[in-house]
Amino acid sequence: MLTPEKIKEVLKDNTINLRFHARGGQGGVTASNLCVEAFYGYGICQPRFGAERMGSPTESYVRLSANANLIRSNEQVYSPHFVSVLDPSLLGEIDVTAGLPKGGWLIVNTTLDQISIQETVKRKDINVATIDATRIALDVLGRNITNTIILGALIRVSYIFTLDELADAIMRRFVGQIAGKNIEAIKQAIEETCVYDIGVDPDFTIDNKVRWQQVDLDLPGYKELDLAGVWYCDEEVIPVGSDQVNTGSWGEWDVIWDEEKCTDCAQCWYICPDFAIVRKKGDDGLWHMAGIDSFHCKSCLNCLEICPVDAIDKRLKQGPAACAVPEDQEGGN
């Protein structure tokens, strides 16, 4: 079992590697920066972006050590000892446990229990911590930014830095009420984090780089690719956007349309950045509002804000958090 004393011994001759999985706009890079700023020794962090678009998957990496010579690498972290997932929808899209050694820690913003997480990622040889960071963020911060809250869960299981050290880093980065609210959210996260420890610590000597590979052969040619992409091209030809990109998994809200209140003003259709407002042509030859394309709606809530008759509402996707471990599996499996 990890202790503050054991972590300090590890850091004398090894690095502790962290990886953050988030979506663009959720603050995963800021979380990695704060780790370095809160740590008493030496650290380096760097991000990796795909498409630079809000909601796209991102990764950020952190290397920490008490030995300055061990963190002189700008490579991405291939073998993290702690992985934090800020958006639970990434569990089905990204191999978040890639390179995570036996006994490594997976920290997830989710309402699922820890055993369900192990089943989802198909790993029963790792420790799992869960925190309903979305709920805390909405309650305390007023918006779904979970980066500092996930660090509260990291404090709970890693002992890499303390609450006071993280609070000092936050006070340097943020100001006034914003800093105070983030520190309040972190304290709540430390208390509410659910921990499922299998009784195995990670091997901190593991820091491997995966073998470089060529691009796979037999990739689909341009004729087989979806020409629509995420966007609608012609509503009479392509009624929906790409069935390969589930942008609807990104947001924390289900957007609900009330047909009886709707006046077909089309303001929501014009403002939607993802063309997730569904319209159908009526017998009168005109286009009419028909619903919300939940597969592509990432709940930016622009439609809710602009609707003049309150015909659009929202409902939080996540239910109550689960922290119970079945009694016959208490202590791990």
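Let me sum up the structure you'll find in this document.

What counts and how
- Residues numbered from 1 in each chain as written.
- Predicted model: local features only at pLDDT ≥ 70, side-chain atom pairs only at ≥ 80, totals over all residues.
- Heavy atoms only, no water.
- Buried < 20%, exposed > 50% of the residue type's maximum accessible area, 1.4 Å probe, protein only.
- Helix = DSSP H or I, 4+ residues; strand = E, 2+ residues; numbered from the N terminus.
- Pairing = 2+ DSSP bridges.
- Right-handed = clockwise from strand over helix to strand, strands pointing away.
- Phe/Tyr/Trp six-rings, centres within 6.5 Å; stacked < 30°, edge-to-face > 60°.
- Lys NZ or Arg CZ within 6 Å of the ring centre and 35° of its normal.
- Axes fitted to C-alpha atoms, helices over the stretch in contact; angles between N-to-C directions.
- Contact = heavy atoms within 4.5 Å.
- Salt bridge = Lys/Arg side-chain N within 4 Å of Asp/Glu carboxyl O.
- 1 Å grid on protein atoms, 1.4 Å probe; cavity = no way out; pocket = protein on both sides within 12 Å on 5 of 7 lines; lining within 4 Å.
- Points joined across faces, edges and corners; volume = space filled by probe spheres on them.
- Nonpolar A, V, L, I, M, F, W, Y, C, P; charged D, E, K, R; others polar.

**Observations regarding the pairing of strand 6 (residues 127-131)**
Burial runs high along strand 6: five of the five residues are buried. Alternating residues of strand 6 divide into Asn127, Ala129 and Ile131 and Val128 and Thr130, and every residue in both groups is buried. Looking at chain direction, strand 5 (residues 105-109) and strand 6 are connected through five bridges and run parallel. Within strand 6, the residue paired with Asn109 across the bridge is Ile131. Handedness of the crossover joining strand 5 and strand 6 through helix 3 (residues 114-121) is recorded here as right-handed. With three bridges connecting them, strand 6 and strand 7 (residues 194-196) associate as antiparallel partners. Bridged to Thr130 within strand 7 is Cys194.

**Description of the packing of aromatic side chains**
In this structure the tally under the stated criterion is two aromatic pairs. Look at Phe39 and Tyr40: their rings are 4.7 Å apart centre to centre, the planes differ by 45 degrees, and that puts the pair in the tilted class. The exposure class of Phe39 is buried, given its relative accessible area of 5%. Residue classification places Tyr40 among the partly exposed positions, given a relative accessible area of 40%. Ring geometry for Trp269 and Tyr270: centres 5.1 Å apart, planes at 80 degrees, overall edge-to-face. The ring of Trp269 has Arg279 lying over it, and the distance from NZ or CZ to the ring centre is 3.7 Å.

**Points about the sheet that holds strand 4 (residues 82-85)**
Working definition: the strands of a sheet are paired by backbone hydrogen bonds and lie parallel or antiparallel to each other. With respect to topology, seven strands assemble into an open sheet ordered 2-3-1-4-5-6-7, the strand pairing being mixed. Lying at the two open borders of the sheet, with one neighbouring strand each, are strand 2 (42-49) and strand 7. Between one strand axis and the next, the sheet turns through 15 degrees on average, direction left out of account. Bridge count between strand 1 (residues 16-23) and strand 4: four bridges; the pairing is parallel. By the bridge assignment for strand 4, Leu18 is matched with Phe82. Contacts from helix 2 (residues 28-38) reach strand 1, strand 2 and strand 3 (57-65) within the one sheet, and its direction differs from that of strand 3 by about 5 degrees.

**Some details on the pairing of strand 1**
Burial analysis of strand 1 places eight of its eight residues in the buried class, which makes it a mostly covered element. Burial along strand 1 is two-sided: the face carrying Ile16, Leu18, Phe20 and Ala22 and the face carrying Asn17, Arg19, His21 and Arg23 are both buried.

**Thoughts on the environment of Gly248**
In this fold, Gly248 is placed in the loop between strand 7 and strand 8 (253-257). Between the C-alpha atoms of Gly248 and Asp293, which are 45 residues apart in sequence, the distance is 8.2 Å. Excluding anything up to four places from it in sequence, Gly248 contacts Ser294, Phe295, His296, Cys297, Lys298 and Lys317.

**Some details on the pattern of salt bridges**
Opposite charge on two side chains lets them pair, provided their charged atoms get close. Under the counting rule described, the total for this entry stands at ten salt bridges. The closest approach of N and O atoms between Arg23 and Asp87, which form a salt bridge, is 3.7 Å. Taken together, the residues Arg23 in strand 1 and Asp87 in the loop between strand 4 and strand 5 connect sequence positions 64 residues apart. A relative accessible area of 1% places Arg23 in the buried class. Taking the relative accessible area as the measure of exposure, Asp87 reaches 5% and is therefore buried. The residue Arg48 makes a salt bridge to Glu59 at a minimum N-O spacing of 3.2 Å. A residue pair is termed long-range when its members are at least 10 positions apart, and Arg48 in strand 2 and Glu59 in strand 3 qualify at eleven residues. Judged by its relative accessible area of 12%, Glu59 is buried. Overlapping salt bridges, with partners in common, bring together Asp132, Arg135, Asp139 and Glu192 in one network.

**A word on the layout of surface pockets**
Counted as a void, the largest pocket has a volume near 430 Å³. Lining the largest pocket we find 19 residues, and of these Met54, Asn144, Glu252, Lys298 and Ser299 sit closest to its centre. Looking at side-chain class alone, the lining of the largest pocket contains six nonpolar, eight polar and five charged residues. The space that makes up the second largest pocket amounts to roughly 260 Å³.

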